[in-house]
Structures are given as C-alpha cells and as structure tokens.
Amino acid sequence: MSGSNDRGFSFSDVYQEVFPLLVRVVYRITGDSEAAEEICQEAFIRYYERMNTIPDIPQAKYWLIRVGKNLALNHEKRKGRERRAYQRAYHEPKKNPETGEESLLKAESQDTVQKALEQLPEKMRTVLVLKEYGDLNYREIASVLGISEGNVKVRVFRARERLLQLLQGGDVYVP
Amino acid sequence: MYPDDQLLSAYLDGEVSDETRAHVEEALAADPDCRERYDRFCMLRRSLDQAPEPDFEDAQHRVWYAIGSARKARSERLWSRRVSIPIPAAVAAAVVAFAVGSVFTLLAVADGLPSDPPTAGVVDESRIRLDRAEVEQLLGAMNAGESYREIRIDLPESPRFEVRGEPALVPIGRDDASEGGDS
C-alpha cells in the first residue's frame, strides 16, 4: 500500500503527514472519535484512488481536508436526523430542567468546549476548526472551502464571538 | 485607527499587514479596554487548545491497516458486482450478441476455420530451465516469509526459444531431474 506516483512522494508520505491533522479536524467537527476514524479511512481510500491526479503533498492535504470536512458534515446531518426521529418516536424532551448547581457540575466534568463547538452553526464551526485545529491560514482555508479570504476572516471572528457567548453565558447544552 | 474586535481576531491569527500590526500593538499597549477585548480571544484560543481529545496514535495504525483491507475488499467486489440491466436493454444486447456471433461463425466456416471454441481442459504449460542456485535463492526467500510485490526475471537481449521434447503432465513433488526431458 506504499504505491508511489511519478511525482516523488508516496501514499505513505501523505498519510504520515496528513492523518494526525485530519483526524483532529474531523473529530472537532463530529465530536465522535469512532466516526473520525471511519471518516479518515474513507477519505484516504478516496485519495488513494485518485492520487495520481494530485500534484504535491500540500494539495493532497487540502484535498483530504475538503473531503474529510464534507464527510464529517454529512455524518453530522445524518446523526441530527436520527436524533430528531428518536425524539419524535419516544417524545424524549430535548433538555431536562436542572438546577444551576447541577448544570455547573456537569459543565465542569464534561468537555464543555467541544460541546460548545458542536452548537456553532456549520459555516462558523468549520472555519474555526480549520483555523484552530487544521493549522491552516486564511488563504488555505479559503481554498479548501471555496470562499474568499475576507469571508474566512468574518466567519472566524463571528465563530469566536458566538463561542465566547456560549461559554461565558453558560448556554452550552451538555446532553 | 482604533482596532475593532474583527481586526483583533485577525491580528491574533497573524493575518494583518505589518503596518496594521504596528497600529494594533500600539492600541493594545495604550488602551486597557482594547487589551481586555483581545485577551478574550486569547483565552478562547487557550480553551480550544486545551480541550481534551482522544489519543489518535493507535487510531493512525488501525486506520492504516483498515485502509489496506478495505481497498482489497473493494477490488474483489468489483469483479463479483451484480449488474442490474433493464429488460429491453438486456434483450437488445442478447440480439446484438447473437447477430455478431452468427456473422463470425459464417466467416469462420467460409475460411475453413473451426467454429468451435478451443476444447476446455487443455493446459498450455511452458517450462523454463533455470539455474538451480537462483531457484534455491528464490525459494529460500519465499520460505523465509519475505513478501514481494513483484519478481523480475531478466531475459537475454537476443533470446532464442525452441520447443524440445513433448509436453508432459508432471505431478507436484516429482523430481524434475529424474525425468530427463526438456520441454
């Protein structure tokens, strides 16, 4: 599985360099480590099938992040549909009323930051995750998402503002 | 220029020009309110950075092997894939195949060629005499459990091949040297 193409780098080179970054990005979008592994596996299989069309490792990285991000968002949408169907079927309340103390204890004992990230709208969450966990600059994020650098700048800022509101206002829903 | 929050966010990411950076740093040094707004973004970055996450080192090995297995399974499925063809298309394909087959059969009869396919069960076997030391080296490596993606056999630049003796069916394990026949 170490097939190299005629451009001087192998599948293994790309895997070693990109996997650690990709799995973090996907995990931060989905909040699910098992799903992150499955999505990375699928993304790399797709990359393997077309690696001869991708000229260098940076391009391979952007391509893999784009595919991984799309798979992660699809996973999120599917998960959301399943959750809503379950709630409809069993009339499960979305949120149990808790005392302020219970809420605080829960927030301290669980990953509040990750839960807050998951509550951001998709467009904000993606740019912020790519910035903070994908080690990409605005130009690279713009290239991956197919938007302008100015748009990246605005979305990153709005995502930070929203995340601060969620964390400081105690509005993070930890299921 | 007084830096707004969006500019402070871009400054945190290192996404401003040298000139703008100098202005922002001036404002941060002189204005406590500006400093406080900037510190909120710094604090948020620390929180994101320190948010716990699984150790993905084992996952990297697991996924690597899973990719190999999945690719193998996909390539095997490619050959055993069931294809669904609409009935009209299937009938049309059968008619075309029958017509083409009939034309070729007629042409073959006209040329005096046999129209039947080659008899099943005939094994076309070529045997090449190799240097014993090289064969032992190859078998030794294979018995040692080494794996190869490909084995290259270099032929002479001007090879001359000829058939010697009659083709023979040789049981597995029978000593080739005791036969004495070349083929």
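Quick caveat, the model's predicted, so the values are computed rather than measured. (Residues numbered from 1 in each chain as written. Chains lettered and ligands numbered in written order. Predicted model: local features only at pLDDT ≥ 70, side-chain atom pairs only at ≥ 80, totals over all residues.)

Undergrad: Describe the overall build of chain B, with residues and values.
TA: Across its full length, chain B holds 7 helices and 0 strands. In sequence order, the secondary structure elements of chain B are arranged as α-α-α-α-α-α-α. Within chain B, the fraction of its 183 residues that count as buried is 8%. For chain B, contacts bridging at least 24 residues in sequence account for 37% of all contacts bridging at least 6. (Helix = DSSP H or I, 4+ residues; strand = E, 2+ residues; numbered from the N terminus. Buried ≥ 20, exposed ≤ 12 C-beta atoms within 10 Å, placed from the backbone. Contact = placed C-beta atoms within 7 Å.)

Undergrad: A description of the overall build of chain A should follow, citing residues and the corresponding values.
TA: The helix and strand inventory of chain A stands at 8 helices and 0 strands. Within chain A, buried positions represent 32% of all 175 residues. Considering only contacts within chain A whose residues lie at least 6 apart along the sequence, 68% involve residues at least 24 apart.

Undergrad: Explain the nonpolar core residue by residue, including any values.
TA: Ranked by size, the top nonpolar core spans 46 residues in total, and within it A:L22, A:V23, A:V26 and A:C40 carry the most contacts. Element by element, the count of residues in this core is highest for helix α1 (residues 11–30) of chain A, at 10 residues. The residue makeup of this core includes at least three contributed by each of domain 1 (1–94) and domain 2 (97–175) of chain A. A:C40 has contacts with A:F19, A:L22, A:V23, A:V26, A:G68 and B:V63, leaving out every residue within four places of it along the chain. (Core = buried A, V, L, I, M, F, W, Y, C linked by C-beta atoms within 7 Å. Domains from an automatic or database assignment.)

Undergrad: I'd like a rundown of the interface of chain B and chain A, residues and numbers included.
TA: Each side of the interface is counted separately: chain B has 27 residues, and chain A has 28 residues. Contributing elements (two or more residues each) for the side of chain B that touches chain A: α1 (5–12), α3 (32–50) and α4 (57–80) of chain B. When residues in the side of chain B that touches chain A are grouped by element, the largest group, 10 residues, is from α4(B).

Undergrad: An account of the packing of helix α6 (residues 122–132) of chain A against helix α8 (residues 149–168) of chain A is requested, with residue identities and associated values reported.
TA: All names here are of chain A. Put simply, α6 and α8 touch, their axes get as near as 8 Å, and they point 100 degrees apart. Classed by the angle they form, the pair α6 and α8 counts as roughly perpendicular. Touching K123, M124, R125, V127, L128 and K131 of α6 are V152, R155, V156, R158, A159, R160 and R162, all from α8. Residue classes in the contact of α6 with α8 are distributed as 6 nonpolar, no polar and 7 charged. (Axes fitted to C-alpha atoms, helices over the stretch in contact; angles between N-to-C directions. Parallel < 35°, antiparallel > 145°, perpendicular 65-115°, else oblique. Nonpolar A, V, L, I, M, F, W, Y, C, P; charged D, E, K, R; others polar.)

Undergrad: Please set out helix α2 (residues 33–49) of chain A residue by residue, giving values where relevant.
TA: Compared with the 24 Å implied by 1.5 Å per residue over 17 residues, the 25 Å span of α2(A) between its first and last C-alpha is a close match. Buried residues of α2(A): A:A36, A:E37, A:I39, A:C40, A:Q41, A:A43, A:F44 and A:Y47, and no others. (Expected span 1.5 Å × (residues − 1).)

Undergrad: Now, about the confidence of the model for chain A: what can you tell me, with residues and values included?
TA: Low pLDDT marks regions whose predicted coordinates should not be analysed in detail. All names here are of chain A. When pLDDT is averaged across chain A, the result is 83; 77% of the residues are at 70 or more. A low-confidence stretch, residues 93–97 (pLDDT under 50), is modelled with 2 contacts involving residues beyond four sequence positions or located in other chains. Here residues 103–110 scores under 50 on pLDDT; set against residues more than four positions off or in separate chains, the count is 8 contacts. (pLDDT = per-residue confidence, 0-100.)

Undergrad: I'd like to hear about the packing of α1(B) against α3(B), residue by residue, with values.
TA: Residues and elements named next belong to chain B. Packing of α1 against α3 leaves a shortest axis separation of 9 Å and a crossing angle of 45 degrees. As far as their axial angle goes, α3 and α1 are oblique. Once α1 is placed against α3, the crossing between them reads as right-handed. On α3, the residues touching D5, L8, S9 and L12 of α1 are R37, Y38, F41, C42 and R45. Its residues assigned to classes, the contact of α1 with α3 comprises 5 nonpolar, 1 polar and 3 charged. (Left-handed = near helix turned anticlockwise from the far one by under 90°.)

Undergrad: How would you explain unusual backbone geometry if you had to name every residue and give the values?
TA: Residues and elements named next belong to chain A. At D135, a position not held by glycine, the phi torsion is positive, near 55 degrees. Looking at the secondary structure, you find D135 in the loop between α6 and α7 (138–145). Judged by local crowding, D135 falls into the partly exposed class, with 13 C-beta atoms found within 10 Å.

Undergrad: Give a description of the environment of A:G8 that names residues and reports values.
TA: Residue and element names in this part refer to chain A. For G8, the location among the structural elements is in the segment before α1. Take G8: there are 9 C-beta atoms within 10 Å of it, and that puts it in the exposed class. With 47 residues separating them along the chain, G8 and P55 place their C-alpha atoms 9.6 Å apart.

Undergrad: Hey, could you go over α3(B) for me, with residue numbers and the actual values?
TA: With 19 residues, α3(B) should cover 27 Å at 1.5 Å per step; its first-to-last C-alpha distance of 26 Å lies within 8% of that length. Three or more residues of α3(B) are buried, namely B:Y38, B:L44 and B:L48. Along the long axis of α3(B), the arc covered by the buried residues comes to 105 degrees, so they all point the same way. In α3(B), the exposed positions that point more than 90 degrees away from the buried face belong to B:P32, B:E36, B:D39, B:C42, B:R46, B:D49 and B:Q50. Looking at the buried side of α3(B), the elements it contacts are α5 (112–118), α6 and α8 of chain A together with α1 and α2 (18–30) of chain B. (Arc of directions from axis to C-beta.)

Undergrad: Tell me about the environment of A:T112, and name the residues and values.
TA: Residue and element names in this part refer to chain A. Topologically, T112 is positioned in helix α5. Residue class for T112 comes out partly exposed when judged on the 18 C-beta atoms lying within 10 Å of it. For T112 and L166, which are 54 residues apart along the polypeptide, the C-alpha to C-alpha distance reads 9.7 Å.

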